[in-house]
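Report on the structure
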Amino acid sequence: MLTGLDLGQERDLGRPLCWLKKGGWPRLRGSGLGTVCAGSEGLASIKDSHGIAGTLLGEMALCAKKRPPEEERRARANDREYNEKFQYASNCIKTSKYNILTFLPVNLFEQFQEVANTYFLFLLILQLIPQISSLSWFTTIVPLVLVLTITAVKDATDDYFRHKSDNQVNNRQSQVLIGGILQQEQWMNVCVGDIIKLENNQFVAADLLLLSSSEPHGLCYIETAELDGETNMKVRQAIPVTSELGEINKLAKFDGEVICEPPNNKLDRFSGTLYWKESKFPLSNQNVLLRGCVLRNTEWCFGLVIFAGPDTKLMQNSGRTKFKRTSIDRLMNTLVLWIFGFLVCMGVILAVGNAIWEHKVGKRFQVYLPWDEAVGSAFFSGFLSFWSYIIILNTVVPISLYVSVEVIRLGHSYFINWDRKMFCMKKRTPAEARTTTLNEELGQVEYIFSDKTGTLTQNIMVFNKCSINGRSYGDVFDVLGHKAELGERPEPIDFSFNPLADKKFLFWDPSLLEAVKTGDPHTHEFFRLLSLCHTVMSEEKSEGELYYKAQSPDEGALVTAARNFGFVFRSRTPKTITVQEMGTAITYQLLAILDFNNIRKRMSVIVRNPEGKIRLYCKGADTILLDRLQHATPELLNCTTDHLNEYAGEGLRTLVLAYRDLDEGYYEDWARRRLQASLAQDSREDRLASVFEEVESNMMLLGATAIEDKLQQGVPETIALLTLANIKIWVLTGDKQETAVNIGYSCKMLTDDMTEVFIVTGHTVLEVREELRRAREKMMDSSRTVGNGVTCQGKLSSSKLASVLEAVTGEYALVINGHSLAHALEADMELEFLETACACKAVICCRVTPLQKAQVVELVKKYKKAVTLAIGDGANDVSMIKTAHIGVGISGQEGIQAVLASDYSFSQFKFLQRLLLVHGRWSYLRMCKFLCYFFYKNFAFTMVHFWFGFFCGFSAQTVYDQYFITLYNIVYTSLPVLAMGVFDQDVPEQRSMEYPKLYEPGQLNLLFNKREFFICIAQGVYTSVLTFFVPYGVFAEATRDDGAQLADYQSFAVTVATSLVIVVSVQIGLDTGYWTAINHFFIWGSLAVYFAILFAMHSDGLFGMFPNQFRFVGNAQNTLAQPTVWLTILLTTAVCILPVVAFRFLRLSLKPDLSDTVRYTQLVRKKHKGQLRCRRRAGRAGSRRSGYAFSHQEGFGELIMSGKNMRLSSLALSSFTARSSSSWIESLRRKKSDGGGSPSGAEKPLKG
């Protein structure tokens, strides 16, 4: 039984030691969760600007022995001894795998876990035994040592960068309150219960309870981009009892104890209690700063460490780093085992033959062919012969196979890195293959999981169009009245009349500015509403230099538009808003803010103008506001509705603006009822909603806005192309539902032609299950008839359900929220969710946590057995990127954390189509052709020994000399197959993009599978039979020109070897689909090198230098001088190759595949260059969708009205920086993937 000390030591095995210099001797800190092991291959050094939290999230996974799960977390401030007894995890991290002492043994142990390396080590040991070795040991040890050394150097380099990263993170400085003094401590020495000081723009080092800050009322502002991908600021507030602890002496005396929930991965929830001064104070997520956040617009703050290191919510959301292997790698491991079994079978057959031959025939020749001293019987001779043949026949899987595979993958990686069409000129960023092991799997992807913000979009909101009093603004028309495209537009509007205009704002329609300048009352009221109805904060650093801090990018875009058109929001107090209207400063009294939430989908302000007139301004979702208007003129309502449809059809985020005049008496009565509702003890939210609903009625329609969440260039085209390649795209985003749906329409994932879009928003297990059931029933309504008119009734089994859902005839989409997804991912419901989702053409998951993203990917990997790809740009995407078979990072505005954890990276989503359809498809094609040819040529080479065994008394004598055996895979046949594996193409890159159906063979794994493997083996065995028996038959009767017998051992060996080299060279010529100068040079050069070495080894010169090694002087010259030999070689080549040519000709004529058809089409096009391929642009009818403030946070309006977010010295925030196909494929596809037709003209209801 372990003592407490033993237990602590047990937990610290394998984890870093974090020393605290306190007193004389260092003390051990940490727990079993302290070890974090490494992530991406090729981890580069990380610059300071890249962010600590993202680095950790990108490169760590929990792997040490875990403590028993905590029931609650207790942390007492300024009391390290008390907190130590709980053995909480320290803030020290370790991502490296080795040190100087452990590198060699651990790395060799890992490498010999590979089946192939162990196999070749075993063969090397056999070759060192003289009694059974027919070949020299160097034929195996040289390539084995080479492979082990190259891998070890690569692993050592990777681990060196991990050590650098560890040291950089662990040694960062943090201000920790120790002994009443702020001391600089390294991050790894920060402990639970410490009080640390953060300054503006610093990363939060651990999960902290906010105690106090430089802002009034203990407020601070944080950016959470690395947690949820959102770049807008969020507000956190200390509880009132600690908000006054701003001085060091007060904080040093603080001894409060926090009792809270144990470590978990819920980013949006925290529950705890602070016990201090014999009182207890509730704690929520609003009081906590999570690791990964950045402190913004706040000079300083103090926080109490609650969770450190791997216990932080950021790390709890970090998935394990997994060693990724391709499906071809896994298949090769299986095939190697099969081949080894085949090798053993051949060895047993030949060993039995040897024992029988020695027993019946060999004993007659004991006089001049005696057995070795160790051989006492025919049985033991057979036993030794078995091992001898294992050595001789091992070339069916030579180690050069693995070396060649790595060389080819390296070549493919360089092609990706060098591709100028994937180079972003704006950011000067090339595409990068950060791993060399997954290239061919890029050609097999079936599911893509994409982040939204920063991946599909640029995360930049732009005021694009608007409708005011029935007139639409934003389009520019040419002299003929046609709408001008973006590239044909004139210069944007000149806002020089307005000294406060934002120079970055662009608008092209001059008629809107004219309406403002001419004093159109509706236009003025429109922009007045935009300048008043918001929660934006303003800062004026210098005269005329305004900076807006917006809660959501939508609001920032609208307020900026009003600013440029002459209605400049200058400042606010809790009770006033100051706007400069066309050069005149006007201060409005702010009476109320009716805040936004997801149910209301609108916000309002009630203001009193200088004349004393009270007016309510409202903006919100069109589907909500249009029902709350006073009976407007039908013409205005219809016109605005048409504009909304037009804007929505262009994928813009639409809002409706309205106002209502209130008389003094009504307002006072309403304000009294609002106060009563806000003080209600029960149903406070419902009471307030009812009061808000009352005043937000009978409003007058002003117009509508259209904001563009700018998609990255080429996103809709990329998604359309990938969809045609039968790749399913799921969007997993932390944004709200409305935002995600809007982007779904913008990028053409969702269309109005879809039969139905299902929206799952249930908050309980039963609600989610019922919504999923209804969705399946609706899809199955169109597929009730299964087979020959048989009606499907009753409860379906899981497999039957999947088959029925795969046969749905409509196009469906599924939208599910994060709280609903949490229930859908439970074990008893995950299959229902997966089958429902996979039957849909598009899936969008909203408000999901990083861990949920990884869980969705893992679910598809687990049940669908399909290759998955995850793509994202932020630290919140790292878990998903690690979990998927292939991870792609986009170097965007959220740092490079996703890039560091990824396998491939580039700067724009549109490059994904080229990565998959060109590089991925080619890599898969090349690797498959390489493997097929490699197994073919090696079985053709090795099986000759098997046939020869029946004619040499099963004596383990080789047909070829040992130099030919050594050089066959290294020199004679290595370069041609490498050239094919690196450079081959079936169709040019333009055709790969033009015909995305060419991608499907990779998804169905058609080009290299067990069937193709056996076909290659059969062809290799066929070639070996002819290569051996044709020369054998000829040599049995043939004579030389001088009449002497031709059949001697060396002449036969030369003839068989020459025939083999020529046959496999002609075969690779047939297999090569894309000829380059390199292919020609390698193929014909390898033949020339073969003959040069052959003649050199039988020359007088080598015999003179090494008489014991090269004894057969002139044999090659004499043999190849005989016409009979050349006729034999020619006959062997013909009978080996002609059947292959005939089979391929018939297949091309009778059953061509899609690539054959594309090549034929290409030839036809060359003959008809004058005919151009017509392209037509497809549009779609619009439907109204609102996009108001979807990243907006509820409660900010109340915060403004309270004045808690106002500085005492200033009315504005400081330090704001504006962030800124052929039938056979189709039949296979129907068995494997989701079916679905698209009925045209179907109306799209939203079900929730």
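Parameters and conventions
Residues numbered from 1 in each chain as written. Predicted model: local features only at pLDDT ≥ 70, side-chain atom pairs only at ≥ 80, totals over all residues. Heavy atoms only, no water. Helix = DSSP H or I, 4+ residues; strand = E, 2+ residues; numbered from the N terminus. Buried < 20%, exposed > 50% of the residue type's maximum accessible area, 1.4 Å probe, protein only. Contact = heavy atoms within 4.5 Å. Pairing = 2+ DSSP bridges. Patch = residues over 30% accessible without salt bridge, like charges linked within 9 Å, V, L, I, M, F, W, Y side chains within 5 Å. Areas by Shrake-Rupley, 256 points an atom, 1.4 Å probe, with all protein chains shown as cover. Salt bridge = Lys/Arg side-chain N within 4 Å of Asp/Glu carboxyl O. Core = buried A, V, L, I, M, F, W, Y, C linked by side-chain atoms within 4.5 Å. Expected span 1.5 Å × (residues − 1). Arc of directions from axis to C-beta. Polar contact = N/O pair within 3.5 Å; in protein donor to acceptor, adjacent residues only side chain to side chain. Axes fitted to C-alpha atoms, helices over the stretch in contact; angles between N-to-C directions. Parallel < 35°, antiparallel > 145°, perpendicular 65-115°, else oblique. Nonpolar A, V, L, I, M, F, W, Y, C, P; charged D, E, K, R; others polar. Phe/Tyr/Trp six-rings, centres within 6.5 Å; stacked < 30°, edge-to-face > 60°. Lys NZ or Arg CZ within 6 Å of the ring centre and 35° of its normal. Left-handed = near helix turned anticlockwise from the far one by under 90°.

**Considerations on the overall build of the protein**
Of the regular secondary structure elements, the protein holds 43 helices and 40 strands. Split into buried and exposed, the 1248 residues of the protein put 58% on the buried side.

**Quick look at the environment of Thr-560**
Its location among the elements puts Thr-560 in helix α16 (residues 553–564). You can call Thr-560 buried: its relative accessible area is 14%. The sequence separation of Thr-560 and Lys-504 amounts to 56 residues, and the corresponding C-alpha distance is 9.7 Å. In contact with Thr-560, other than residues within four places in its own chain, are Asp-502, Phe-505 and Tyr-548.

**So, the pairing of strand β26 (residues 584–594)**
Across six bridges, the pairing between strand β25 (residues 576–581) and β26 is antiparallel. From the neighbouring strand, Glu-581 faces β26, where its bridge partner is Thr-584. The antiparallel hairpin formed by β25 and β26 contains two residues in its connecting segment, where Met-582 sits at a positive phi of about 50 degrees. The pairing of β26 with strand β27 (residues 602–608) spans five bridges and is antiparallel. Along β27, the bridge assignment pairs Gln-589 with Arg-608.

**Let's talk about a nonpolar patch on the surface**
Taken together, Ile-349, Phe-950, Phe-951, Phe-1029 and Tyr-1032 make up a surface patch of nonpolar side chains, about 460 Å² in accessible area. Note that Phe-950 resides in the loop between α30 (911–949) and α31 (962–972). You can call Phe-950 partly exposed: its relative accessible area is 43%.

**Examining the nonpolar core**
Core analysis: the largest hydrophobic core is formed by 97 residues, its most contacted members being Leu-401, Phe-930, Leu-931, Tyr-960, Phe-964 and Phe-1008. Here this core takes 18 residues from α30, the largest share from any one element. Not counting residues within four places of it along the chain, the set of residues in contact with Phe-1008 comprises Leu-331, Leu-335, Tyr-924, Cys-928, Leu-931, Cys-932, Phe-935 and Phe-1013. Counting residues in hydrophobic clusters, the runner-up holds 50 residues, among them Phe-526, Val-536, Ile-577 and Leu-655.

**Some thoughts on unusual backbone geometry**
Outside of glycine, negative phi angles account for most residues, and trans bonds account for most peptide bonds. Even without a glycine there, the phi angle at Asn-469 is positive, about 55 degrees. Following the sequence through the fold, Asn-469 ends up in the loop between β20 (457–468) and β21 (471–473). On the basis of relative accessible area, Asn-469 is assigned to the partly exposed category, the value being 40%. Of note in this structure, Ala-956 is not a glycine but carries a positive phi near 65 degrees. Its location among the elements puts Ala-956 in the loop between α30 and α31. Judged by relative accessible area, which is 6%, Ala-956 ranks as buried.

**A word on helix α18 (residues 634–649)**
The end-to-end C-alpha distance of α18, which contains 16 residues, comes to 22 Å, matching closely the 22 Å that a straight helix rising 1.5 Å per residue would cover. Regarding α18, the residues found buried are Leu-636, Thr-640, Thr-641, His-643, Leu-644, Tyr-647 and Ala-648. Across the axial projection of α18, the buried residues extend over an arc of 160 degrees, all falling on one side. Away from its buried face, by an angle of more than 90 degrees, α18 presents the exposed residues Pro-634 and Glu-635.

**Remarks on the side chain of Glu-257**
Along the polypeptide, Glu-257 turns up in strand β12 (residues 257–260). For Glu-257, a relative accessible area of 12% gives the class buried. Among the polar contacts made by the side chain of Glu-257, one reaches the side chain of Tyr-82 at a distance of 2.7 Å. Every residue in contact with Glu-257, bar those within four places of it in the chain, is listed here: Arg-74, Ala-75, Arg-76, Tyr-82, Thr-273, Leu-274 and Tyr-275.

**Quick word on the pairing of strand β24 (residues 567–572)**
Most of β24 sits out of view: five of its six residues are buried. Between the antiparallel neighbours β24 and β25 lie three residues.

**Some points on the packing of α30 against α31**
Close contact between α30 and α31 brings their axes to 11 Å; oriented N to C, the two are set at 170 degrees. Taken as axis vectors, α30 and α31 run roughly antiparallel relative to one another. For the pair α30 and α31, contact is made by Phe-934, Lys-937, Asn-938, Phe-941 and His-945 and by Phe-964, Ile-965, Tyr-968 and Asn-969, respectively. For the contact of α30 with α31, the per-class residue count stands at five nonpolar, three polar and one charged.

**Considering the sheet that holds strand β15 (residues 288–289)**
Spatially, β7-β6-β8-β17-β9-β15 is the arrangement adopted by the six strands of the open sheet, whose pairing is antiparallel. Whereas interior strands pair on both sides, the edge strands pair on one side only; in this sheet they are β7 (181–186) and β15. Of the strand pairs in this sheet, strand β9 (residues 207–213) and β15 are connected by two bridges, and their pairing is antiparallel. Counterpart to Leu-209 in the pairing with β15 is Val-288.

**Considering the pattern of salt bridges**
Inspection of every chain in the model, using the stated rule, returns 47 salt bridges. Between Arg-773 and Glu-777 there is a salt bridge; the shortest N-O distance is 2.4 Å. Taken together, the residues span about one helical turn, with Arg-773 and Glu-777 both in helix α23 (residues 765–781) at a distance of four residues. Two residues, Glu-832 and Arg-776, come together in a salt bridge whose shortest N-O distance is 3.1 Å. Within this pair, whereas Glu-832 is found in helix α26 (residues 830–838), its partner Arg-776 is found in helix α23, the two being separated by 56 residues in sequence. Across the pair, exposure class does not vary: Glu-832 and Arg-776 are buried alike. Salt bridges linked by common partners bring Glu-525, Arg-528, Glu-581, Lys-613, Arg-615 and Asp-661 together as one network.

**A short note on the packing of aromatic side chains**
Overall, the coordinates contain 62 aromatic pairs when judged by the stated rule. Measuring from ring centre to ring centre gives 6.5 Å for Phe-505 and Phe-507, while their planes differ by 5 degrees; the resulting arrangement is stacked. Ring centres of Phe-946 and Trp-947 lie 5.1 Å apart, and the angle between their planes is 75 degrees; on these two criteria the pair is classed as edge-to-face. Of the two residues, Phe-946 and Trp-947, both sit in the buried class. These aromatic residues form a ring-pair network of at least three members: Phe-946, Trp-947, Phe-948, Phe-950, Phe-951, Phe-954, Phe-1028, Phe-1029, Tyr-1032, Phe-1035, Tyr-1049 and Phe-1052. One cation-aromatic arrangement involves Arg-73 over Tyr-88; the distance from NZ or CZ to the ring centre is 3.7 Å. Looking at Lys-277, its charged tip hangs above the ring of Trp-276, at a distance of 4.3 Å from the centre.

**A closer look at the packing of helix α15 (residues 521–532) against α16**
α16 packs onto α15 with a crossing angle of 130 degrees between their chain directions and a minimal axis gap of 8 Å. Between α15 and α16, the angle is such that the two are oblique. Read as a crossing pair, α15 and α16 show a hand that is left-handed. Of the residues in α16, those in contact with Phe-527, Leu-530 and Ser-531 of α15 are Leu-558, Val-559, Ala-561 and Ala-562. Partitioning the contact of α15 with α16 into residue classes produces six nonpolar, one polar and no charged.

**Side note on the side chain of His-412**
With respect to the helices and strands, the residue His-412 is situated in helix α13 (residues 400–418). The buried category is assigned to His-412, whose relative accessible area is 2%.

**Notes on the sheet that holds strand β10 (residues 219–223)**
One open sheet accounts for three strands, arranged β11-β10-β16; its pairing is antiparallel. Each end of this open sheet is capped by a strand with a single partner; those strands are β11 (233–237) and β16 (294–296). Neighbour-to-neighbour, the strand axes of the sheet open up by a mean angle of 45 degrees, direction not taken into account. Taken together, the five bridges between β10 and β11 define a ladder with antiparallel strand orientation. Looking across to β11, one finds that Ile-222 is bridged to Lys-234.

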